[in-house]
Amino acid sequence: SHHTIARRSDGSVVAWGWNNAGQCNVPALPLGLYHAEVTAGSYHTVARLEVLPACGSVSSYCWPATANSASASGASFSVSGCPGLTANNLVFTVSGLLPGRRGIFYYGSQQQQLPFGNGWGCIGGVMQRVMPPLVADANGVVTYPVDLTQFPFSGSAHAISAGSTWNFQFWYRDGAGSPSTFNFSDAQHIVFAP
């Protein structure tokens, strides 16, 4: 009755129309809940709340990365999104790379910090490469939306499962580097939730 409400794909809620009884005022959510469903009718707006899926954790290590020919602070690896199989919305971003140069993400079961190439090899134990190689954009940035339902994160010998712990790093070419022509970002330790 003269108003409506919508739940956006990112989970936020918007309402518009006649607001004489406050039916378009969207209250702040209690911590840990999200709007699962919403509906509008007459002078009322109703929402069903559910508990957010659990997120795992992310922590940096093997930091700072060593300098490369594009950046004195080296290649910086960041993770956004929720490291959970249900959420499946992780995004890996590496900045401070050489524009147009190729690199790959890889992950492994153990942490280490050993000199390798022009940087630090921070992954040990069993390892898995994430293909295909990625090319840094004109700003020296690589962005990779992770799909945990796809190979190698699913269906490989090193599949990611709820409760598993993996260490991630980005290896990249640096032709102007010395004494080697490759380097590494810092690394991320990720514990995955259901």
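Residues numbered from 1 in each chain as written. Predicted model: local features only at pLDDT ≥ 70, side-chain atom pairs only at ≥ 80, totals over all residues. Heavy atoms only, no water.

**Some remarks on the overall build of the protein chain**
Right, so step 1: Secondary structure summary: the protein chain contains 0 helices and 12 strands in total.
Right, so step 2: Sequence-ordered secondary structure for the protein chain, helices as α and strands as β, is β-β-β-β-β-β-β-β-β-β-β-β.
Right, so step 3: A compact globule built from 194 residues should have a C-alpha radius of gyration of about 16 Å, whereas the protein chain, at 22 Å, is more than 25% larger.
Right, so step 4: Taken along the three principal axes of its C-alpha coordinates, the protein chain extends 70 × 35 × 25 Å.
Right, so step 5: Across the 194 residues in the protein chain, those meeting the buried criterion constitute 37%.
Right, so step 6: Considering only contacts in the protein chain between residues 6 or more positions apart, those separated by 24 or more positions represent 58%.
Right, so step 7: Carbon and sulfur atoms form 55% of the exposed surface of the protein chain, whose accessible area is close to 10100 Å². (Helix = DSSP H or I, 4+ residues; strand = E, 2+ residues; numbered from the N terminus. Rg over C-alpha atoms; globule rule 2.2 N^0.38 Å. Buried < 20%, exposed > 50% of the residue type's maximum accessible area, 1.4 Å probe, protein only. Contact = heavy atoms within 4.5 Å. Areas by Shrake-Rupley, 256 points an atom, 1.4 Å probe, with all protein chains shown as cover.)

**A look at the sheet that holds strand β12 (residues 182–191)**
Right, so step 1: A sheet is described by the order of its strands in space; here 5 strands give the open sequence β5-β12-β11-β8-β9, paired in antiparallel fashion. Each of the sheet's edge strands pairs with one partner strand only, and the pair in question is β5 (57–61) and β9 (119–135). Averaged over neighbouring strand pairs, the angle between their axes works out to 30° when direction is ignored.
Right, so step 2: Inspection of the sheet shows β5 paired to β12 by 5 bridges, in the antiparallel sense. (Pairing = 2+ DSSP bridges. Axes fitted to C-alpha atoms, helices over the stretch in contact; angles between N-to-C directions.)

**Looking at the sheet that holds strand β7 (residues 91–95)**
Right, so step 1: Sheet architecture is open: 3 strands sit in the order β6-β7-β10, paired in antiparallel fashion. Unpaired on one side and paired on the other, β6 (76–80) and β10 (142–145) mark the two borders of the sheet. The average angle at which neighbouring strand axes cross in this sheet is 15°, direction not considered.
Right, so step 2: Where β7 meets β10, 4 bridges bridge the pair, whose relative direction is antiparallel. The partner of V91 across the bridge, within β10, is P145.

**So, the state of the cysteines**
What is meant by a disulfide is a covalent connection between two cysteines, made through their sulfur atoms.
Right, so step 1: In total, this model carries 2 disulfides according to the counting rule given.
Right, so step 2: Residue C55 pairs covalently with C82 via a disulfide, S to S 1.9 Å. One quick way to see it: the torsion about the S-S bond of C55 and C82 is about -140°, and its sign makes the bridge left-handed. Note that C55 is positioned in the loop between β4 (44–51) and β5 and C82 in the loop between β6 and β7, a separation of 27 residues in sequence.
Right, so step 3: What pairs with C62 in a disulfide is C122, and their sulfur atoms sit 1.8 Å apart. Torsion about the S-S bond of the C62 and C122 cystine: about -75°, corresponding to left-handed handedness. A residue pair is termed long-range when its members are at least 10 positions apart, and C62 in the loop between β5 and β6 and C122 in strand β9 qualify at 60 residues. No difference in accessibility class separates C62 from C122, as the two residues are buried. (Disulfide = S-S within 2.5 Å.)

**Here's the deal with unusual backbone geometry**
With glycine set apart, most residues show a phi of negative sign, and most peptide bonds adopt trans.
Right, so step 1: In this structure, P64 follows W63 across a cis peptide bond, with omega equal to 0°.
Right, so step 2: Structurally, the position occupied by P64 is in the loop between β5 and β6.
Right, so step 3: Cis geometry is found at the peptide bond from S178 to P179, where omega equals 5°.
Right, so step 4: The residue P179 is located in the loop between β11 (165–173) and β12 in this model.
Right, so step 5: Phi is positive for C62, which is not a glycine, with a value near 60°.
Right, so step 6: Classification of C62 as buried rests on a relative accessible area of 5%.
Right, so step 7: Not every positive phi belongs to a glycine, and N88 is a case in point at roughly 45°.
Right, so step 8: Residue position: N88 is located in the loop between β6 and β7.
Right, so step 9: According to the relative accessible area criterion, N88 is partly exposed, its value standing at 23%.

What is shown is where atoms sit, not what they do.
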